[in-house]
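So the chains spell out like this:
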Amino acid sequence: WLVRQDIVVGDNVAEANEKALDLLNKGVDSLGFYLKKVHINVDTLAALLKDIELTAVELNFNCCITRAADLLSAFSAYVKKVGADPNKCHGSVSYDPFKKQLVRGVSNPDWVKMTLPVMDAARELPAFRVLNVNAVNLSDAGAFITQELGYALAWGAELLDKLTDAGYKPEEIASRIKFNFGIGSNYFMELAKFRAARWLWAEIIGAYGDQYKGDAAKIHMHAVTSTWNKTIYDAHVNLLRTQTEAMSATLGGVDSLTVQPFDVTYQESDNFSERIARNQQLLLKEESHFDKVIDPAAGSYYIEHLTNALAEQAWKLFLAVEEEGGFAAAVEAGSVQKAVNASNAKRHAAVAARKEIFLGTNQFPNFTETAAQKVAEVEVGGHSCGCGAPSIEALNFDRGASEFEALRLATERSGKEVKVFMLTIGNLAMRLARSQFSSNFFACAGYKVLDNLGFATVQEGVDAGLAAGASIIVLCSSDDEYAEFAPEAYKYLAGRAEFVVAGAPACADDLKAVGIENFINVKSNVLETLRQFNQKLGIN
């Protein structure tokens, strides 16, 4: 596979060229250029690609879809100018006719008409892929794996269907399509996804006739580590996430891979984070030899079973979209966006209840970490809107950790030091277990946790908590002992701090009868519970 790294090209094109040349000397063999507010012409490309051997590296360009045809024409002219062989110039232009609908919620019924000039402009660049199935947007929006794959297949089939009607041959269209998938943390499922994609796309291409069952049926896949599961807090955990994701993609057989830097959620990545991201791939190649085996997962019963099961579910979704009239009709109706956003909401609910774990965010947070100084605002998604007024539902790019991050940042920015005091008493094993659970629970909101080894009496514990300036006192003991300790502690505290019982004791109804309202346990909705405490404490 090709190791890809992307460069944002701003006003200083020469600076972008200098960075590109540096990357090529550090193991990168696929470059991505994001052209922002750059005047696209031959001279600009000449400055950007100075001293780069066009046939020795994959070149990928990302620009506004309305400029894609102009970019292809300018690049084709530049190839002729330098005398390079256009048949050996490999790369892509990220032309995505459904970006308006999916990302911005803007209708685009004339997408076929807009696509034809792009296809025509690409004719002099036989090895360039200009029709992008950006399923990574679905992944970044929280889609389930079966949705990402099923919709991607329907997306590709739509391009084939409508452009053959426009006069292009199936093999010409297929050779122009590039699938850009996201990669999540579900290691084996993601691996199976890429294997299933290869199989199912061959089935779709093969339906056009026996002559399309060879090389023409091969899928071209690029993969990008997803942003949905990346975090601001404990951001170095993102390195663990992207490493397993890179393994899933490379073992699954992708053609090229972008590993996003670990700090992508809160800042423009620096040289250090980009270097680490790049080296994550190089380690898989140079030290783990992942590039030396074809389909290493073949023959594994577990992965073969997952591949078959995933393919079956994705194919059902593909057929459902076809029944709806095809992918274009589905995105114009907003049904794709609604389905993915519903999945996003389900996953957020799972994160809130800790059914989906984000290490360092909703489970085992770093108690002393602060992030307000490195984040101006909590970014939601990172996909800007524009180019027309929204008229249909767009994808929701709220990351999985975004609500917990907003909660904790609110605590930081309030300027209040909320202290949570563990009143540990009674059974040694239970009080330690529950104090640890409660400490992790409340630290997710950025509260300062004060843990203790144990107190001889309830009164001693309450007095110590109040003396420490605690806003919340958590009683940590065994279920049997709560019947005695909880009413005594609640009565003695007399509203001088919020009182919480750690657990779900059988005597909970009796405790509620005396006025105790707050209980935390493994069935608690962590996010909603902490939001309620923030509200009680005047933190917005």
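Fair warning: this is a prediction, and the values are worked out from it, not measured in the lab.

**Quick notes on the environment of A235**
Point 1. With respect to the helices, strands and loops of the structure, A235 is situated in the loop between β8 (221–225) and α10 (237–252).
Point 2. With 136 residues separating them along the chain, A235 and A371 place their C-alpha atoms 10.0 Å apart.

**What to know about helix α16 (residues 428–443)**
Point 1. End to end, α16 covers 22 Å across 16 residues, agreeing with the expected 22 Å (1.5 Å per residue, within 8%).
Point 2. R431, R434, S435, S438, S439, N440, F441, F442 and A443 are the residues of α16 that are buried.
Point 3. The N-cap of α16, judged by a side-chain oxygen 3.2 Å from the amide nitrogen of A429 a few residues on, is N427.

**Concerning the packing of aromatic side chains**
Point 1. Scanning all chains against the criterion turns up 21 aromatic pairs.
Point 2. Residues W315 and F318 carry aromatic rings whose centres are separated by 4.7 Å and whose planes lie at 35° to one another, so their mutual orientation is tilted. One end of the pair, W315, and the other, F318, are both in helix α12 (residues 301–323), three residues apart, so they sit about a helical turn from each other.
Point 3. Here W315 falls in the partly exposed class, since its relative accessible area comes to 27%.
Point 4. Members of the aromatic cluster, joined through ring pairs, are F437, F441, F442, Y447 and F533.
Point 5. One cation-aromatic arrangement involves K374 over Y266; the distance from NZ or CZ to the ring centre is 4.2 Å.
Point 6. Its guanidinium or amino end placed over the ring of F533, K536 lies 5.1 Å from that ring's centre, counting from NZ or CZ.

**Considering the nonpolar core**
Point 1. Core analysis: the biggest nonpolar cluster contains 111 residues, and L31, F33, L48, L49, F61 and F327 have the highest contact counts within it.
Point 2. In this view, F327 contacts F98, L102, Y151, A154, W155, E158, V321 and V336; residues no more than four positions away in its chain are not counted.
Point 3. Ranked by size, the runner-up nonpolar core spans 52 residues in total, among them A470, L475, V500 and C507.

**Here we look at a nonpolar patch on the surface**
Point 1. Taken together, the side chains of F188, Y301 and Y302 make up a nonpolar region of the molecular surface, amounting to roughly 380 Å² of accessible area.
Point 2. With respect to the helices and strands, F188 occurs in helix α9 (residues 187–206).

**Examining helix α17 (residues 458–467)**
Point 1. Those residues of α17 that fall on the buried side of the exposure criterion are V458, G461, V462 and G465. Taken down its axis, α17 places every buried residue within 95° of arc, on the same side.
Point 2. Tucked into the core, α17 has its buried residues touching β10 (419–424), β12 (472–476) and α18 (479–493).
Point 3. Of the residues trailing α17, G469 is marked for its positive phi of about 80°.

**A few points about the sheet that holds strand β5 (residues 128–129)**
Point 1. Read from one edge of the open sheet, nine strands run β5-β4-β3-β2-β1-β9-β8-β7-β6, paired in parallel fashion. Each edge of the open sheet is held by one strand with a lone partner, namely β5 and β6 (131–133).
Point 2. Of the pairings in the sheet, the one linking strand β2 (residues 30–35) to strand β3 (residues 58–62) comprises five bridges and is parallel in character. From the neighbouring strand, Y34 faces β3, where its bridge partner is N62.
Point 3. Across the face of the sheet, α9 comes into contact with β7 (177–183) and β8 while running at roughly 160° to β7.

**What about the side chain of R434?**
Point 1. With respect to the helices, strands and loops of the structure, R434 is situated in helix α16.
Point 2. Owing to a relative accessible area of 14%, R434 belongs among the buried residues under this scheme.
Point 3. Once you skip the residues sitting within four places of it in the chain, R434 turns out to touch C476, S477, S478, D479, Y482, A502, G503 and A504.

**Things to note about the layout of surface pockets**
Point 1. By volume, the second largest pocket is sized at about 410 Å³.
Point 2. Taken together, 21 residues line the second largest pocket, and the ones lying closest to its centre are G184, S185, N186, R347 and E356.
Point 3. Mapped by element, the contributors of at least two residues to the lining of the second largest pocket are α7 (145–165), α9 and α10.
Point 4. At three residues, α10 tops the list of elements feeding residues into the lining of the second largest pocket.
Point 5. Residue classes in the lining of the second largest pocket are distributed as ten nonpolar, six polar and five charged.

**Some remarks on the confidence of the model for the protein**
Point 1. Overall, the predicted model of the protein reaches an average pLDDT of 94, with 98% of residues at or above 70.
Point 2. This model gives residues 377–382 a pLDDT under 50, and the stretch forms eleven contacts once residues within four places in sequence are excluded.

**Remarks on the pairing of β7**
Point 1. Within β7, seven of the seven residues are buried, leaving the element largely enclosed by the surrounding structure.
Point 2. Going residue by residue along β7, you find I177, F179, F181 and I183 tucked away on one face and K178, N180 and G182 tucked away on the opposite face as well.
Point 3. Note that β6 and β7 share three bridges and pair parallel. Looking across to β7, one finds that L131 is bridged to I177.
Point 4. Bridging between β7 and β8 involves five bridges; their strand directions are parallel. Across the sheet, G182 pairs through a bridge with V224, a residue of β8.
Point 5. You can see the chain leave β7, run along α9 and come back into β8, and the turn it takes is right-handed.

**Concerning unusual backbone geometry**
Point 1. Look at D51: it is not a glycine, yet its phi comes out positive at around 70°.
Point 2. Inspection of the secondary structure assignment puts D51 in the loop between α2 (42–48) and β3.
Point 3. Although it is not a glycine, R354 adopts a positive phi angle of roughly 65°.
Point 4. You can see R354 is positioned in the loop between α14 (335–352) and α15 (402–414).

Calculation criteria
Residues numbered from 1 in each chain as written. Predicted model: local features only at pLDDT ≥ 70, side-chain atom pairs only at ≥ 80, totals over all residues. Heavy atoms only, no water. Helix = DSSP H or I, 4+ residues; strand = E, 2+ residues; numbered from the N terminus. Expected span 1.5 Å × (residues − 1). Buried < 20%, exposed > 50% of the residue type's maximum accessible area, 1.4 Å probe, protein only. Polar contact = N/O pair within 3.5 Å; in protein donor to acceptor, adjacent residues only side chain to side chain. Phe/Tyr/Trp six-rings, centres within 6.5 Å; stacked < 30°, edge-to-face > 60°. Lys NZ or Arg CZ within 6 Å of the ring centre and 35° of its normal. Core = buried A, V, L, I, M, F, W, Y, C linked by side-chain atoms within 4.5 Å. Contact = heavy atoms within 4.5 Å. Patch = residues over 30% accessible without salt bridge, like charges linked within 9 Å, V, L, I, M, F, W, Y side chains within 5 Å. Areas by Shrake-Rupley, 256 points an atom, 1.4 Å probe, with all protein chains shown as cover. Salt bridge = Lys/Arg side-chain N within 4 Å of Asp/Glu carboxyl O. Arc of directions from axis to C-beta. Pairing = 2+ DSSP bridges. Axes fitted to C-alpha atoms, helices over the stretch in contact; angles between N-to-C directions. 1 Å grid on protein atoms, 1.4 Å probe; cavity = no way out; pocket = protein on both sides within 12 Å on 5 of 7 lines; lining within 4 Å. Points joined across faces, edges and corners; volume = space filled by probe spheres on them. Nonpolar A, V, L, I, M, F, W, Y, C, P; charged D, E, K, R; others polar. pLDDT = per-residue confidence, 0-100. Right-handed = clockwise from strand over helix to strand, strands pointing away.

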